[in-house]
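Residues per chain, in single letters:
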Amino acid sequence: MTTTPQNDTGTRDLAAAFADYAPSVEGRDIVTIRPRYGLLSGGEERDARDGAVFATIDPSTGDHIAEVAEGSAQDVDDAVAAARAAYESTWRDMPGRTRAKYLFRLARLLQDRSREFAVLETIDGGKPIRESRDVDVPLAAAHLFHHAGWADKLEYAVPGMTGRPLGVVGQITPWNFPLLMVAWKIAPALACGNTVVLKPAETTPLTALLLGELAREAGFPPGVLNVVTGAGATGAALAGHPGVDKVAFTGSTEVGKAIRRATAERGTRLTLELGGKGAHVVFDDAALDQAVEGVVDGIFFNQGHVCCAGSRLLVQEGIADELLGRLRRRIELLRVGDPLDKNTDVGAINSHAQLERIRGFVEDAREDGARIHQTSRPLPERGFYFPPTIVEGLGGSEAICREEVFGPVLAVQTFRTEAEAVARANATRYGLSAGVWTEKGSRILWVSQRLRAGVVWANSFNRFDPASPFGGMRESGFGREGGRQGLQEYLRLEPVGA
Ligand code: NAD
């Protein structure tokens with residue numbers, strides 16, 4: 001998140017901070033949005049068999065964007081059959097270097113049309129254009145390039161083992177990083193020789209469909225990548241389909257548990273990337289300016305709609321007042337507004353339902369006696385917006401400390417000792433991410449070895465790289481995406497020579 005320039009004490013007055021503000025809005029007209037989209041199955045775009053559609057909404061205004069085909073169980077059936085045919089007739093036995101060419105081509109096409117993808121992602125999902133443009137789209141392309149490079153080197157992915165594709169993979173993605181999560185999923189699956197039936201989230205289907213169209217343009221054989229749009233019922237039909245050899249799901253813990261039950265019935269392979277309640281642990285020797293920026297980025301990036309968000313701040317008592325003072329001043333400098341404005345720091349909440357959920361958590365915390373601090377800047381009158389919020393005076397048992405809010409809301413607690421910090425950070429059913437802020441290397445090691453989180457960042461936060469495995473533990477799921485570990489999730493491994 002690149003945010004408004006500030007001085008290091010955060011004391012700059014607001015009028016000065018916004019004096020240079022001039023809206024600079026990325027043009028909607030650079031994307032052509034059709035009134036209606038079909039699903040992509042067997043290399044063709046077509047309506048759902050029963051003609052059902054759902055609407056996708058622009059969260060910055062609440063306006064209707066387009067109608068999208070709502071796939072039924074029969075449409076899932078068709079797509080799985082197309083994926084199976086493509087797997088057996090072409091993709092499985094194609095040399096890795098040829099599969100790589102398709103993936104490289106797709107990555108390059110995505111780069112060529114990156115501006116269009118960024119604008120479409122922002123219109124459909126509400127995230128600031130600066131993030132779509134500088135994070136989501138480039139990282140999605142990086143995942144495709146990275147995995148294209150693996151397609152002809154799979155024999156080196158796991159030393160001593162031969163990896164073979166699994167078959168047809170069903171992939172279900174959430175709305176917070178619609179394009180990026182699709183790239184995280186399809187890139188390793190396709191590189192390893194599997195074919196894919198993808199079910200994107202119902203509030204943000206447009207960039208997945210555009211990527212599917214790009215795959216056709218890149219010449220992928222029909223049926224290698226199928227995109228079946230729809231909501232939970234469509235996802236459930238895919239997760240429970242007997243023709244699917246592996247399910248990869250990113251989404252909420254509750255739905256993840258349902259999918260785990262469905263796949264257990266059939267013995268289908270599964271990876272789950274679920275929710276989180278990540279903690280920043282800030283010690284009294286931390287570089288405070290850096291910690292403030294890291295905490296702000298950790299919770300307000302993408303409106304807090306981030307599975308690995310640092311949604312809890314655990315601060316050592318001696319610096320709590322100082323750090324919180326700086327944070328309160330810092331959030332006044334965040335620009336909340338039109339996601340297409342290049343100066344916007346915090347865009348729109350993805351849906352009205354999510355906005356209500358966030359409001360509910362904050363109101364419950366207020367009723368529990370917590371102190372709520374919110375930016376004083378006005379919010380846009382239309383659309384779904386929530387102000388950057390800091391919640392203080394918490395004991396740790398409140399829902400806002402335990403449950404994933406998935407919004408721009410930071411829950412603050414204090415601690416005295418390292419052991420207490422670790423105990424508080426681990427007091428959650430999740431285990432996805434954490435951040436440690438301290439100048440002492442030995443303390444970073446001591447704390448990070450005791451944190452129950454799949455990813456721990458030290459003096460930084462939200463750093464991603466396709467070569468680095470990402471994933472959770474406990475109720476944040478299992479399996480990894482990225483790195484060699486991510487590839488293994490899409491391979492059947494046998495000892496060399498077996
Ligand atoms: P969600 O679980 O409501 O939906 C995710 C996807 O599952 C959507 O495509 C949805 O249509 C589909 N779905 C819903 N019910 C289903 C069912 N019964 N069977 C099969 N599919 C079903 O989650 P969301 O609200 O879209 O996304 C937010 C959640 O995703 C948060 O909890 C967030 O932490 C998590 N997430 C995790 C990661 C990670 O890498 N761990 C990354 C991004 C988001």
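These figures come from a predicted structure and were not determined experimentally. (Residues numbered from 1 in each chain as written. Predicted model: local features only at pLDDT ≥ 70, side-chain atom pairs only at ≥ 80, totals over all residues. Heavy atoms only, no water.)

Draft legend 1. Geometry of the sheet that holds strand β16 (residues 409-415). Taken together, seven strands build an open sheet; the order of strands is β14-β15-β16-β13-β12-β17-β18 and the sheet is mixed. The sheet terminates laterally at β14 (371-374) and β18 (455-458), the two strands that pair on one side only. Between one strand and the next, the sheet's axes are offset by a mean angle of 20 degrees, whatever the strand orientation. With three bridges connecting them, strand β15 (residues 389-392) and β16 associate as parallel partners. Each bridged residue has a counterpart across the sheet, and for Val391 the counterpart in β16 is Ala411. (Pairing = 2+ DSSP bridges. Helix = DSSP H or I, 4+ residues; strand = E, 2+ residues; numbered from the N terminus. Axes fitted to C-alpha atoms, helices over the stretch in contact; angles between N-to-C directions.)

Draft legend 2. Inspection of helix α7 (residues 206-217) at higher detail. The terminal C-alpha atoms of α7 lie 17 Å apart, and with twelve residues this matches the ideal 16 Å at 1.5 Å per residue to within 8%. Buried residues dominate α7, accounting for nine of its twelve residues. Leu206, Thr207, Ala208, Leu209, Leu210, Leu211, Gly212, Leu214 and Ala215 are the residues of α7 that are buried. Gly219 lies just past α7 and shows a positive phi near 85 degrees. (Expected span 1.5 Å × (residues − 1). Buried < 20%, exposed > 50% of the residue type's maximum accessible area, 1.4 Å probe, protein only.)

Draft legend 3. Up close: the site of the ligand. Taken together, 28 residues are adjacent to the ligand, and Thr173, Lys199, Glu202, Ser252 and Glu404 come closest. Gly251 has a polar backbone atom sitting 3.3 Å from an oxygen atom of the ligand. In this structure, a nitrogen atom belonging to the ligand sits 2.8 Å away from a main-chain N or O atom of Leu274. By residue number, the principal contributor to the shell around the ligand is helix α8 (residues 232-239), which donates three residues. (Near = heavy atom within 4 Å. Polar contact = N/O pair within 3.5 Å; in protein donor to acceptor, adjacent residues only side chain to side chain.)

Draft legend 4. Examining the packing of aromatic side chains more closely. In this structure the tally under the stated criterion is twelve aromatic pairs. Seen from their ring centres, Tyr102 and Phe220 are 5.4 Å apart, and the 50 degrees between their planes marks the pair as tilted. Placement of the pair is Tyr102 in helix α3 (residues 96-112) and Phe220 in the loop between α7 and β9 (225-227), with a sequence separation of 118 residues. Tyr102 gets classed as buried once you look at its relative accessible area, which sits at 15%. Residue Phe220 is classed as buried on the basis of its relative accessible area, which comes to 8%. Following the ring pairs from residue to residue traces out a cluster consisting of Trp184, Trp457, Phe461, Phe464 and Phe470. Above the ring of Tyr490, the side-chain terminus of Lys246 is found at 4.6 Å from the ring centroid. (Phe/Tyr/Trp six-rings, centres within 6.5 Å; stacked < 30°, edge-to-face > 60°. Lys NZ or Arg CZ within 6 Å of the ring centre and 35° of its normal.)

Draft legend 5. Main features of the packing of helix α2 (residues 73-91) against α8. In contact at an axis separation of 9 Å, α2 and α8 are set at 45 degrees when each is read in the N-to-C sense. Our classification of the angle between α2 and α8 gives oblique. The hand of the α2/α8 crossing is right-handed. Here α2 contributes Ala73, Val76 and Val80 to the contact with α8, which in turn contributes Thr234, Ala237 and Leu238. (Parallel < 35°, antiparallel > 145°, perpendicular 65-115°, else oblique. Left-handed = near helix turned anticlockwise from the far one by under 90°. Contact = heavy atoms within 4.5 Å.)

Draft legend 6. The arrangement of the side chain of His280 in detail. In this structure, His280 sits in strand β12 (residues 279-282). A polar contact of 3.0 Å, which involves the side chain of His280, links it to the side chain of Trp437. Non-local contacts of His280, meaning those with residues more than four positions away in its chain, are made with Gly294, Val295, Gly298, Gly310, Arg312, Leu313, Leu314, Gly435, Trp437 and Phe461.

Draft legend 7. Highlighting the packing of helix α10 (residues 288-300) against helix α11 (residues 317-332). Interaxial distance between α10 and α11 falls to 10 Å at its minimum, and their mutual angle equals 55 degrees. By the angle class used here, α10 and α11 are oblique. With respect to the hand of their crossing, α10 and α11 are arranged in right-handed fashion. Seen from α10, the contacting residues are Leu288, Asp289, Val292, Glu293, Val295, Val296 and Phe300; seen from α11, they are Ile319, Glu322, Leu323, Arg326, Leu327, Arg330 and Ile331. The class makeup of the residues in the contact of α10 with α11 is nine nonpolar, no polar and five charged. (Nonpolar A, V, L, I, M, F, W, Y, C, P; charged D, E, K, R; others polar.)

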